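Below, each chain spelled out in residue letters.
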Amino acid sequence: MYQVFSFLIVSICLTAPVLSQEKSSDVDKIFSALKPGEPGCSVALSQKGKIVINQAYGAADLERGVAITPNTVFDAGSVRKQFVAAAILLLVDEGKLSLSDDVRKYIPQLPDYGHKITIDHLLTHTSGIRDWQPLLNLAGGDPTAMTMILRQRELNFKPGDEWSYSNSGYVLLPEIVKKVSGMPFSEFARKRIFEPLSMKSTSHPEDPLYLIKDRALAYSKDAGGWKMDMYLGNERGGAGGLFTTAVDLVTWNDALMSGKLGKFVTEKLKEPALLNNGRKLSYARGLNIELRRGRGGQLVWHSGGAAGYSALAGHLPENGLSVAIMCNQDGAARTAFASRLFDLYLPAEPLPVESPVPGTGVGAPADLDSRPGTFFNEKTGEALRLAVNNNTLTIAGAGPLAPIAPFTENRFRNLRPTLFFMSEAEFELQFLTPDRLELKTKDGIVTRYHRAQPWMPAAHELKALSGRYFSEDLIATFEAKPGKEGLMVQANYGNTVEFKPIMRDTFQVGQMLIRFDRDSSGRVTGLEYSNPLLRNVKFLRTGS
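Residues numbered from 1 in each chain as written. Predicted model: local features only at pLDDT ≥ 70, side-chain atom pairs only at ≥ 80, totals over all residues. Heavy atoms only, no water.

Colleague: Talk me through the pairing of strand β23 (residues 487–491); I want residue IDs and the actual numbers.
Modeller: Across 5 bridges, the pairing between strand β22 (residues 476–482) and β23 is antiparallel. Opposite Phe478, over in β23, you have Ala491 as the bridge partner. Joining the antiparallel neighbours β22 and β23 is a turn of 4 residues. Taken together, the 4 bridges between β23 and strand β24 (residues 496–503) define a ladder with antiparallel strand orientation. The partner of Met488 across the bridge, within β24, is Glu498. Hairpin connection of β23 to β24: 4 residues between the antiparallel strands, including Asn492 at a positive phi of 50°. (Pairing = 2+ DSSP bridges. Helix = DSSP H or I, 4+ residues; strand = E, 2+ residues; numbered from the N terminus.)

Colleague: Before we move on, could you go through the confidence of the model for the chain and cite the residues and values that matter?
Modeller: Mean pLDDT over the chain works out to 91, with 92% of the residues at or above the 70 mark. Low pLDDT (under 50) marks residues 1–19, which in the prediction has 63 contacts with non-local residues, meaning those over four places away or in another chain. Across residues 357–362 the pLDDT falls below 50, and counting only partners more than four positions away or on other chains, this stretch makes 10 contacts in the model. (pLDDT = per-residue confidence, 0-100. Contact = heavy atoms within 4.5 Å.)

Colleague: Give me the lowdown on the state of the cysteines, citing residues and values where you can.
Modeller: One pass over the structure, following the stated rule, counts 1 disulfide. Across the disulfide from Cys41 sits Cys327; the S-S distance is 2.1 Å. Taking the sign of the torsion about the S-S bond as the criterion, the disulfide between Cys41 and Cys327, at about 105°, is right-handed. Here the residue Cys41 occupies a position in strand β1 (residues 41–47), and Cys327 occupies one in strand β12 (residues 321–327), the gap between them amounting to 286 residues. Under the relative-accessibility criterion, Cys327 is labelled buried at 0%. (Disulfide = S-S within 2.5 Å. Buried < 20%, exposed > 50% of the residue type's maximum accessible area, 1.4 Å probe, protein only.)

Colleague: How would you explain helix α7 (residues 185–194) if you had to name every residue and give the values?
Modeller: Listed as buried for α7 are Phe185, Phe188, Ala189, Ile193 and Phe194. Seen end-on, α7 carries its buried residues on one side only, within an arc spanning 150°. The secondary structure elements touched by the buried residues of α7 are α2 (81–93), α6 (169–181) and α8 (246–258). (Arc of directions from axis to C-beta.)

Colleague: Tell me about the side chain of Asp248, and name the residues and values.
Modeller: Along the chain, Asp248 falls in helix α8. No salt bridge is formed by the buried Asp248; the nearest opposite charge belongs to Lys200, separated by 8.7 Å. Beyond its immediate chain neighbours, meaning those up to four positions away, Asp248 contacts Ser198, Met199, Lys200, Ser201 and Thr202. (Lys, Arg positive; Asp, Glu negative; His and termini not counted. Salt bridge = Lys/Arg side-chain N within 4 Å of Asp/Glu carboxyl O.)

What follows is the structure, encoded as structure tokens:
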């Protein structure tokens, strides 16, 4: 999921372009790492609505030696979100629903969380509904994504207050399209989007196990070699998938640039989301809208990954350039490929000079190494993790290209706000003491954190925390036992992971956190589990 936002920072400026028909060898060089007998990619690029690249590299089926061609069909992963958003907006434009409608009007079985969740909250990832993928990863048995979504009794946050990428919204939205239009989403998309735009190789099957003409298989590689790696059945969330070609995605991009979907739909797809506090985000409805670093102007894009499949569709409206890349290998460098293709076809311009952020030129303070650690929000208990990478202070989960720069000895500013931390807020971080800090956003929101205090539990203290814990929301059981350095936690009688103590009754491994709850007498009654996509999921103690 985190790779979906890597595209905005990889852009660099290259040399002046030559005529399009002379660039085939330059394109081949960009994809030269892809070998004929290995998984590869298909790429298409249009300039002012005309296809100038439609090439393919690598193999679609390793066992049968079938090559990828421009007609090869791939799973587009989360690139589908803009198509789901377009379907909703077509119905809004026809007056059949409203972006401000309560989702429970169409899906009444969704729990009442005490806050109205609108259709627009689902489109813009501001609903607070937990992402179904980590829910399924922890769930016992084999429930569907919809089952897990409807079981959640709490939200991650009040709708509209924050942004957090959630695939759950895009499981619910196709159901709304089906209910309002009277036809399955796959049929609606075919009749209202794919056929009118002549996307002849594109479909949105509800069950990808059925035959799909010219489909590439997807792969990942381990020590034993290449192996098939595809999401099938319940792994897809029950909402189907977008299967398409690179050239069809370019056709779609060009339709967005030319307004073929109509003024309302086109403008709303690209309209930045707004939080309750008025902050404008770089995410719209199924699309990222950003100023491309380097040159090219506004960049409209979305990437997608589905097991071994990876895809990206993006366009630069000011330059009439559109690119789509679809690959069938895990970790394919589609974002870097797309950036180099854009630079190849952009007109030559002087390298822009980036103005330094005021007050950030003092260099790293001498005691930077004392800054890292886990801190807790003094009101909510939410964790904030600071780290030092390459002599730069960073926030875990905010991405490697989101540094926090010092402008005095104890005060820092984030240079590149990111959606993945505080919903793209610009902020100043000040250490009040070595163990206490204050974070103040440009919006005026002030949050204070205290450092986790070291705790080395004795054997009897670990034993007191041992036992079985059950979550109704996750249909999951955790069993905790004393370990060498902390608690060994087994989920659903499967794999066991050691969580290490970072504060009294609080244990951590990676970005997963467990905090134990006690009653007024000090007896352990349960625990709360959190990770970057799930906040404070409650487990009740069921046995020792």
